[in-house]
Structure formats: C-alpha cells, structure tokens
Amino acid sequence: MAAEETSLIGVGTRQIVQIVTPLVDRPFRARQVAHWVIHRNATSFDDMTDLPKELRRALDTQFSLTEPRVVDLAVSQDESRKYLYELGDGSTIEAVAMAEAGHHTLCLSSQTGCAVGCTFCVTGVLGAGRNLSPGEIVGQYRTMLRDLGGEAARVNIVFMGMGEPLLNTRNLMAALEVLYETVSPRRITVSTSGLLPGIRLLGELERRPKLAVSLNAPTQELREQIMPISRQYPLDQLMACLRAFPLERGRRITFEYVLIRGLNDGVPHADQLSRLLRGIPSKINLIPLNEDPTHLTGLRRPDDATIGSFAERLRDCNLTVTVRWSKGSDVGAACGQLKGLHQRRSTASDHCRPAATPSRR
Ligand code: SAH
Ligand code: SF4
C-alpha cells in the first residue's frame, strides 16, 4: 500500500470513475469499480471479482476503502444497535440503528461533539468536536448496512446523532449526494437546532432531504434558556425562514420537541406551540427527555400523564403528533445520550447480551 492513498469512500460514482480512469484499460472498468464501491458496498479491491487481478492490485496500491472502525457494539432489548466508531485520528463517535417494522432507521453523526450546547443534551454538554468528512459520514451508513445484512432500500437515514449537521454543511452535502445513489432523498432527514444559513442552503439544493427542526420551546425566552443558539438565531427569524422554506409536494417540516419536566411540558406551552406553527405544514415529534444516566444535565423527564395531556392538547388543535418512546435508552443510544466516549468496558460479548433494564420507561 502507498503511504498516501486516496479514499474512494464518501465520493460518488462520477468522481470515482474520474479518479480510477487512468488505471483502467477499458472505460467500463471504471464504472465497474464505482458500482462495487457504491452499490455493492465492497470493503476491499479483492472483493471486485469481475476485475482483472492486475487491476485490483493496482487499485489497492493507490486507493483505499477505509471506513470508521467499529470498536464496540451494544444491542438494546428493543434490538436497537449502538455502534461506537474510532476514526483515523483516534476520535470516537456513536451512531444507532433502530429496528422498526420492516426497515431500520439509521441515526448518523455529523460531528465528533457539538458546539451548540443545548442544556438537555449530553453531546452538547460535553462540548464541541470536529466536523466529520463525507467518508466518515457515508462510512457509518456502509458499516451499519453490512452489519444489518440489509438492503439500502429498507433503510431510512436521520442525521440525529452527534453534532449539528448544519455546522458541517459542505461535508454533509457531499455525503448526501453519495447517499442519494442508494437511498432516496425522501428517506433521509436532516435535523437541525435552527441554523438559518444552513436551512437556507438546504432550501437551495436541487434534491433536498427532509427537514426536521429541534424547536423544544414555544417562546424565545424559554428557548434561549435551553438552547443558547436561540440568541444568535431568534425564534421569530427561524419561523420566518421555515415559512419561506421550499417544501416539495406532500412534504412537511418535522418539529422535534423534547419534553422536560416543569420547564416546557404544560398545556399552556402546547397552546403556544400550536399558535407558533399555524400555517406551516408540520408534524410534531414529542421526545420525552432521555435523562442522562450520569446526571450531567440534571433535567428530568415528565410523567406519562403529562406527556399524554401535552400530546392530546396539540391533537385537539388539529396538529399531527407522534410521541417518540425512546429506542435504545438501556444502552445509552437514545436521542441526546450519545457521547462517543471510548470507555473501557468488559468483553464485547457482554455488550451484545440484552441489558436488564427495560428501555421503555
Ligand atoms: N443537532 C441536531 C441533531 C442531533 S440532536 C439537532 O439538535 O436537531 C437530535 C435530536 O435529539 C434533537 O431533536 C434534540 O432536541 C434531541 N435531544 C437532544 N438531547 C435529548 C435528550 N436528552 N432527550 C431527548 N431528546 C434529546
Ligand atoms: Fe447539538 Fe443537537 Fe445536542 Fe443541541 S441537541 S447540543 S444542537 S446535538
């Protein structure tokens, strides 16, 4: 292997064809290589059995197919799988595959931490990290798909793991283009804490993923308390930007709302929320707070009756509401619990044993 190899992970068919063309004898060979990488999820050039041996060897000396390395896998009682990855520079991230009826939802990370600093989120409390490269983003998808023995057609992708995807727009957009080759944009959701420049950029894309906005509070005052980013991008400007967002036919914006005990979970908050969303094609995703087992955030989850009343009130206002009963919380894989810390634990087989704590509280 050469010291400086060009990775073919995180680049699309057109670019792979361009990169490998100087090595091939006939043009269709370059397309074959791209097909192996993008559609057949190859992990080595040796896998590419319909290519001449010499070409495989030549590719191997100049290019790599390096992906983030899975260093731990924890399987929840509800069959969610949390992957801990080590990246080339030693940093670590987590991503989660959630089993749903007939498909999996892959929750990918976009950064190694998060500078946005929402008070209820462990990733935010632990602080900023670096941007993931397109290869590191696409690599999470590739490894999970392989592990699940799955077909691309049966996965949804959500950027709801570690990091704020719209603080990493360039790499996110490059990764999206690669993902679109196997997963429809309709099956990909980008979730943001409300970064206006990034939302506008998404709106300008020819092929857009679905948009989810983490609202979490119905007033500027309350939102500022838990999401400091609100000072920079105030709620009224965020709502104006979302009203102007070019939604494709039949699409709606998903509003995520983390319910925190005694803070934003009252019926008056639900009324404020329904007024705020008036006129926007929307779905509301209520996420009862996943408490941080290490109590870094100190915030609590409301009881089930309060959660139910909040949801009912919104439904009475003709809003579409789902409550996301967390998946994978017994293995720290639920929303807001991802830390990406490489902790020394017992043996791998211990993690793959279903945990004793029920994940649905
Ligand atoms: N940074 C992006 C995407 C990652 S966070 C964003 O904020 O949208 C993904 C989702 O997890 C967000 O909707 C966020 O509000 C939610 N979340 C964060 N911490 C949480 C917690 N402790 N419990 C429940 N949901 C949480
Ligand atoms: Fe960052 Fe999203 Fe967590 Fe806020 S909720 S700190 S934006 S990852």
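Residues numbered from 1 in each chain as written. Chains lettered and ligands numbered in written order. Predicted model: local features only at pLDDT ≥ 70, side-chain atom pairs only at ≥ 80, totals over all residues. Heavy atoms only, no water.

**Details of the domain arrangement of the protein chain**
Buried accessible area, meaning the area lost when the parts come together, often serves as the stated size of an interface.
Item 1. On domain assignment, one finds that the protein chain holds domain 1 (3–62) and domain 2 (88–347).
Item 2. Each of domain 1 and domain 2 has a C-alpha centre, and these two points are 35 Å apart.
Item 3. Each partner contributes residues to the interface: domain 1 has 11 residues there, and domain 2 has 10 residues.
Item 4. The interface formed by domain 1 and domain 2 holds zero salt bridges in total.
Item 5. Remark: the boundary between domain 1 and domain 2 carries five residue pairs in polar contact (both at pLDDT 80 or more).
Item 6. Class assignment for the residues of the side of domain 1 that touches domain 2 results in five nonpolar, six polar and no charged. (Domains from an automatic or database assignment. Contact = heavy atoms within 4.5 Å. Salt bridge = Lys/Arg side-chain N within 4 Å of Asp/Glu carboxyl O. Polar contact = N/O pair within 3.5 Å; in protein donor to acceptor, adjacent residues only side chain to side chain. Nonpolar A, V, L, I, M, F, W, Y, C, P; charged D, E, K, R; others polar.)

**Quick notes on the sheet that holds strand β3 (residues 69–75)**
Item 1. As summarised here, the arrangement of the 10 strands in space is β3-β4-β5-β6-β7-β8-β9-β10-β11-β12, forming an open sheet in which the pairing is mixed. Because the sheet does not close on itself, it has two edges, and the strands there are β3 and β12 (320–323). Averaged over all adjacent pairs, the angle separating strand axes in this sheet is 20 degrees, with direction ignored.
Item 2. The pairing of strand β5 (residues 92–100) with strand β6 (residues 103–107) spans five bridges and is classified as antiparallel. Residue pairing for β6: Ala99 is matched across the bridge by His104. (Pairing = 2+ DSSP bridges. Helix = DSSP H or I, 4+ residues; strand = E, 2+ residues; numbered from the N terminus. Axes fitted to C-alpha atoms, helices over the stretch in contact; angles between N-to-C directions.)

**Topic: a nonpolar patch on the surface**
Item 1. Taken together, the side chains of Val125, Leu126, Leu296 and Leu341 define a hydrophobic patch exposed on the protein surface, amounting to about 310 Å² of accessible area.
Item 2. Inspection of the secondary structure puts Val125 in helix α4 (residues 122–126).
Item 3. Owing to a relative accessible area of 37%, Val125 belongs among the partly exposed residues under this scheme. (Patch = residues over 30% accessible without salt bridge, like charges linked within 9 Å, V, L, I, M, F, W, Y side chains within 5 Å. Areas by Shrake-Rupley, 256 points an atom, 1.4 Å probe, with all protein chains shown as cover. Buried < 20%, exposed > 50% of the residue type's maximum accessible area, 1.4 Å probe, protein only.)

**Notes on the site of ligand 2**
Item 1. The local shell around ligand 2 consists of Cys114, Val116, Gly117, Cys118, Cys121, Gly124, Gly163, Glu164 and Ser193.
Item 2. Taken together, the residues of the shell around ligand 2 break down into four nonpolar, four polar and one charged. (Near = heavy atom within 4 Å.)

**As for the site of ligand 1**
Item 1. Taken together, 20 residues surround ligand 1, and among them Phe120, Gly163, Ser191, Ser214 and Asn290 come closest.
Item 2. The contact in question runs from a nitrogen atom of ligand 1 to an N or O atom on the backbone of Phe120, over 2.8 Å.
Item 3. Within the side chain of Glu256, an N or O atom sits 3.0 Å from an oxygen atom of ligand 1.
Item 4. Calculation on ligand 1 without its partners gives an accessible area of 540 Å², and the protein chains cover 96% of this total.

**Quick notes on helix α7 (residues 196–204)**
Item 1. If you check which residues of α7 are buried, you get Leu196, Gly198, Ile199, Leu202 and Gly203. For α7, the arc enclosing every buried residue in end-on projection is 165 degrees, short of the 170-degree limit, so these residues lie on one face.
Item 2. Packed against the buried residues of α7 are α6 (169–179), β8 (188–192), β9 (210–214) and α10 (235–243). (Arc of directions from axis to C-beta.)

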